[in-house]
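As a plain string of letters, each chain reads:
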Amino acid sequence: MLAVKTTLYIPDELISSAQDYTGILEKTRLVQEGLRALIREKSAERMALLGGSDPKAEGPTRKKTSK
């Protein structure tokens, strides 16, 4: 994994709140997890916007299972 060092200004109150909610005390890991969560959220929003946009789309074929 390629790591990039950078300087960020993050208000102490924001870091403290995030630490309280997550239990993650290490700032680097806290920022990484926050970015991952943001990516998941925005990815889900994009997928939701795509839902139903293809009028010719068909659902998957389902097979009945015997009991």
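All values derive from a computational prediction rather than experimental measurement.

(A) The arrangement of the overall build of the chain in detail. A tally of regular secondary structure across the chain gives 2 helices and 0 strands. For 67 residues, the compact-globule estimate of 2.2 N^0.38 gives 11 Å, and the chain exceeds it by more than 25% at 20 Å. Referenced to the eigenvectors of the C-alpha coordinate spread, the extents of the chain come out at roughly 55 × 35 × 30 Å. Of the roughly 7100 Å² of accessible surface on the chain, 57% is carried by carbon and sulfur atoms. Mean positive and mean negative side-chain charge positions of the chain (12 and 9 charges, respectively) differ by 12 Å.

(B) Representation of the pattern of salt bridges in the model. Going through the model one piece at a time under the given rule, you end up with 2 salt bridges. The salt bridge involving Arg-36 is made with Glu-33; its shortest N-O contact spans 3.0 Å. A residue pair is termed a helical-turn pair when its members lie 3 or 4 positions apart in one helix, as Arg-36 and Glu-33 do in helix α2 (residues 27-50) at 3 residues. When its relative accessible area of 40% is taken as the criterion, Arg-36 is described as partly exposed. Here Lys-42 makes a salt bridge to Glu-45, at a shortest N to O gap of 3.4 Å. Highlighted residues: Lys-42 and Glu-45, both in helix α2, separated by 3 residues, approximately one helical turn.

Conventions adopted
Residues numbered from 1 in each chain as written. Predicted model: local features only at pLDDT ≥ 70, side-chain atom pairs only at ≥ 80, totals over all residues. Heavy atoms only, no water. Helix = DSSP H or I, 4+ residues; strand = E, 2+ residues; numbered from the N terminus. Rg over C-alpha atoms; globule rule 2.2 N^0.38 Å. Areas by Shrake-Rupley, 256 points an atom, 1.4 Å probe, with all protein chains shown as cover. Lys, Arg positive; Asp, Glu negative; His and termini not counted. Charge placed at Lys NZ, Arg CZ, Asp CG, Glu CD. Salt bridge = Lys/Arg side-chain N within 4 Å of Asp/Glu carboxyl O. Buried < 20%, exposed > 50% of the residue type's maximum accessible area, 1.4 Å probe, protein only.

Worth remembering: the numbers are spatial, not functional.
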